Amino acid sequence: MRPIAAGALGRLMPLQTLPPDQAQNARSAYLGELRTAQGKLTSTTAKTDLGALITGLEGASSPDAGTAIMAAVTKLGADCP
């Protein structure tokens, strides 16, 4: 799970510069990858932490969502080596 946490910002930051429709498509694709990864997990903690990131991304419609997303990424990286 640490690779997901470590790579999250690299996947998300470029979305800021894309046109809205392209950013939405890229975010949807990333969410699909995260859901697939979540389905393969056996640890309840890892599933919960990744679920928090997925939920944060699903609800990301304003800059305020960044706080929840960063908290989820940080927790994922700390809880799931």
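Preceding this section is the structure that the text describes.
Per chain, residue numbering runs from 1 following the sequence as it is written. With the structure being a predicted model, the display of local features is reserved for residues of pLDDT at least 70 and the display and counting of side-chain atom pairs for 80 or more, all residues being used for whole-chain, interface and lining totals. Neither water nor hydrogens contribute to the side-chain values; these are computed over all heavy atoms in the structure.

### So, a nonpolar patch on the surface
Okay, step 1: On the surface, Leu 9, Met 13 and Met 70 cluster together into a nonpolar patch covering about 250 Å² of accessible area.
Okay, step 2: Put simply, DSSP marks the helices as runs of H or I at least four residues long and the strands as runs of E at least two long, and each gets a number from the N terminus on. By secondary structure assignment, the location of Met 13 is in the loop between helix H1 (2–12) and helix H2 (20–40).
Okay, step 3: Accessible area is worked out with a 1.4 Å probe on protein chains only. A residue is then buried under 20% of its type maximum, exposed over 50%, and partly exposed in between. Looking at Met 13, the relative accessible area reads 46%, which means it is partly exposed. Only residues whose relative accessible area exceeds 30% and that take part in no salt bridge are eligible for patches, with like-charged residues grouped when within 9 Å of each other and nonpolar side chains (Val, Leu, Ile, Met, Phe, Trp, Tyr) grouped when within 5 Å. Accessible areas in this description were obtained via Shrake-Rupley with a 1.4 Å probe; residue shielding takes into account the shown protein chains only. Salt bridge criterion: a side-chain nitrogen from Lys or Arg within 4 Å of a carboxyl oxygen from Asp or Glu.

### So, the packing of H1 against H2
Okay, step 1: For the pair H1 and H2, interaxial distance at closest approach is 12 Å and the crossing angle is 170 degrees. Viewed along their axes, H1 and H2 adopt a mutual orientation that is roughly antiparallel. Residue-level inspection shows Ile 4, Ala 8, Arg 11 and Leu 12 of H1 in contact with H2, the latter providing Tyr 30, Glu 33, Leu 34 and Ala 37.
Okay, step 2: Here the contact of H1 with H2 is built from residues that sort into six nonpolar, no polar and two charged. Helix axes are fitted to C-alpha atoms over the stretch in contact, other axes to C-alpha atoms as well, and angles between N-to-C directions run from 0 to 180 degrees. Should an angle fall under 35 degrees it is called roughly parallel, over 145 degrees roughly antiparallel, and 65 to 115 degrees roughly perpendicular, with every other angle called oblique. Only heavy atoms enter the contact rule, under which two residues are in contact if any of them lie within 4.5 Å. Ten residue types, Ala, Val, Leu, Ile, Met, Phe, Trp, Tyr, Cys and Pro, are classed as nonpolar, four, Asp, Glu, Lys and Arg, as charged, and the remainder, Gly among them, as polar.

### A look at H1
Okay, step 1: What H1 keeps buried is the set Ala 5, Ala 8 and Leu 12. The arc that holds the buried residues of H1, viewed along the axis, is 50 degrees, so those residues lie on one side. Projecting away from the buried face of H1 at angles above 90 degrees are the exposed residues Pro 3, Ala 6 and Gly 10.
Okay, step 2: On the buried face of H1, the contacting elements are H2, helix H3 (44–58) and helix H4 (65–79). For this quantity, the arc is that covered by the directions from the helix axis to the C-beta atoms.

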